[in-house]
Amino acid sequence: MKSKKDISKINNANAEEICSRIREESSEDAESLLGKAHKERERILSEASREAQVKAQAILSAAEKETGEKKARIFSTIAIERRRVDLEARSLFIADVITAVKREAENFRGSPDYTKFLREAILEGVRIIDDKRAQVFYSHFDEGVISRFSDLPVEFKKSDFAEMGVIVQSQDGRLLFDNRFSARLKRAYDEIYIKLLKEAF
């Protein structure tokens, strides 16, 4: 039978061993926890870094897109403005040409070419309204020239307008074609202007 002293030694030894074991296990647990905490910290930092990069890239992409759109709008505005200025310059040029033609036209009535012009104006009007027996209204200033067109099967009617050219009307009065000089110039201007618009845009 063991003495109390022996039992006390055993208990003390056991206690030391138990304490030693607890210290070892605590140390291992602490190291394990620290290791896990370190890994978790690295994971969080890595994830945060990735998120920051994604956000930074998104912000950069948005900024680049906005810059590109602004640049495109600016260039588009410049191009439109350039075309507008070009069109205005061409329009002014056409207007100057038309004005010069009108000035020259004042002497055209007395020229040898006027007879040819008037005949062509009549034939064009007859062709457009598609009536060979059309009525042709002419200026009283052109009475002498009109008398040369007896070969044309149209009905000539003297009118009170002074302008060069003629107005051609179908026999039934339903169709009318103004082929006076100003109307011809207007059609020419419109045709040139539409062509310029197509070229500019």
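This report concerns the structure included in the present document. (Residues numbered from 1 in each chain as written. Predicted model: local features only at pLDDT ≥ 70, side-chain atom pairs only at ≥ 80, totals over all residues. Heavy atoms only, no water.)

If you tally the helices and strands in the protein chain, you get 4 helices and 4 strands. Written out in order from the N terminus, the α and β elements of the protein chain read α-α-β-α-β-β-β-α. Rg of the C-alpha trace for the protein chain: 51 Å, well past the compact-globule value of 17 Å for 201 residues, more than 25% over. Overall, the C-alpha framework of the protein chain stretches about 165 × 35 × 20 Å when taken along its three principal axes. The burial tally for the protein chain puts 21% of its 201 residues in the buried class. The contacts of the protein chain with a sequence gap of at least 6 include a subset with a gap of at least 24, amounting to 59%. (Helix = DSSP H or I, 4+ residues; strand = E, 2+ residues; numbered from the N terminus. Rg over C-alpha atoms; globule rule 2.2 N^0.38 Å. Buried < 20%, exposed > 50% of the residue type's maximum accessible area, 1.4 Å probe, protein only. Contact = heavy atoms within 4.5 Å.)

What follows covers the sheet that holds strand S1 (residues 135–139). Pairing between sheet strands relies on hydrogen bonds along the backbone, with the strands arranged either parallel or antiparallel. Judged by pairing direction, the sheet is mixed, and its 4 strands sit side by side in the order S2-S1-S3-S4 without closing on themselves. Edge strands, defined here as strands with exactly one partner in the open sheet, are strand S2 (155–159) and strand S4 (176–180). Between one strand axis and the next, the sheet turns by 20° as a mean value, whatever way the strands run. In this structure, S1 lies alongside strand S3 (residues 165–169), joined through 4 bridges in antiparallel fashion. Bridging across to S3, Tyr 138 finds its partner in Val 166. (Pairing = 2+ DSSP bridges. Axes fitted to C-alpha atoms, helices over the stretch in contact; angles between N-to-C directions.)

Before going further, it helps to spend a moment on the packing of aromatic side chains. Per the counting criterion, the structure on display carries 6 aromatic pairs. Seen from their ring centres, Phe 117 and Phe 181 are 6.1 Å apart, and the 70° between their planes marks the pair as edge-to-face. Of this pair, Phe 117 sits in helix H2 (residues 113–129) while Phe 181 sits in helix H4 (residues 181–200); the two residues are 64 residues apart in sequence, bridging distant segments of the chain. Ring geometry for Tyr 189 and Tyr 193: centres 5.9 Å apart, planes at 15°, overall stacked. Placement of the pair is Tyr 189 and Tyr 193 together in helix H4, with a separation of 4 residues, close to one helical turn. Between the NZ or CZ atom of Arg 180 and the centre of the ring of Phe 161, over which it lies, the distance is 5.0 Å. (Phe/Tyr/Trp six-rings, centres within 6.5 Å; stacked < 30°, edge-to-face > 60°. Lys NZ or Arg CZ within 6 Å of the ring centre and 35° of its normal.)

Two side chains of opposite charge can pair, provided their charged atoms sit close to one another. The final tally for this structure, using the stated rule, is 11 salt bridges. Residue Glu 155 pairs with Lys 157 through a salt bridge whose shortest N-O separation is 3.9 Å. Residue Glu 155 is classed as partly exposed on the basis of its relative accessible area of 33%. The partly exposed category is assigned to Lys 157, whose relative accessible area is 30%. (Salt bridge = Lys/Arg side-chain N within 4 Å of Asp/Glu carboxyl O.)

Before going further, it helps to spend a moment on the pairing of S3. In regular strands, side chains alternate between the two faces of the sheet. Of all 5 residues making up S3, 5 are buried, and the element is well covered by its neighbours. As judged from the 5 bridges shared by S3 and S4, these two strands associate in the antiparallel manner. In the sheet register, Gly 165 faces S4, and the bridge partner there is Arg 180. Taking the residues between adjacent antiparallel strands as the criterion, S3 and S4 are bridged by 6 residues, where Gly 173 takes a positive phi near 80°.

Remember that the coordinates give geometry; whether it matters functionally is a separate question.
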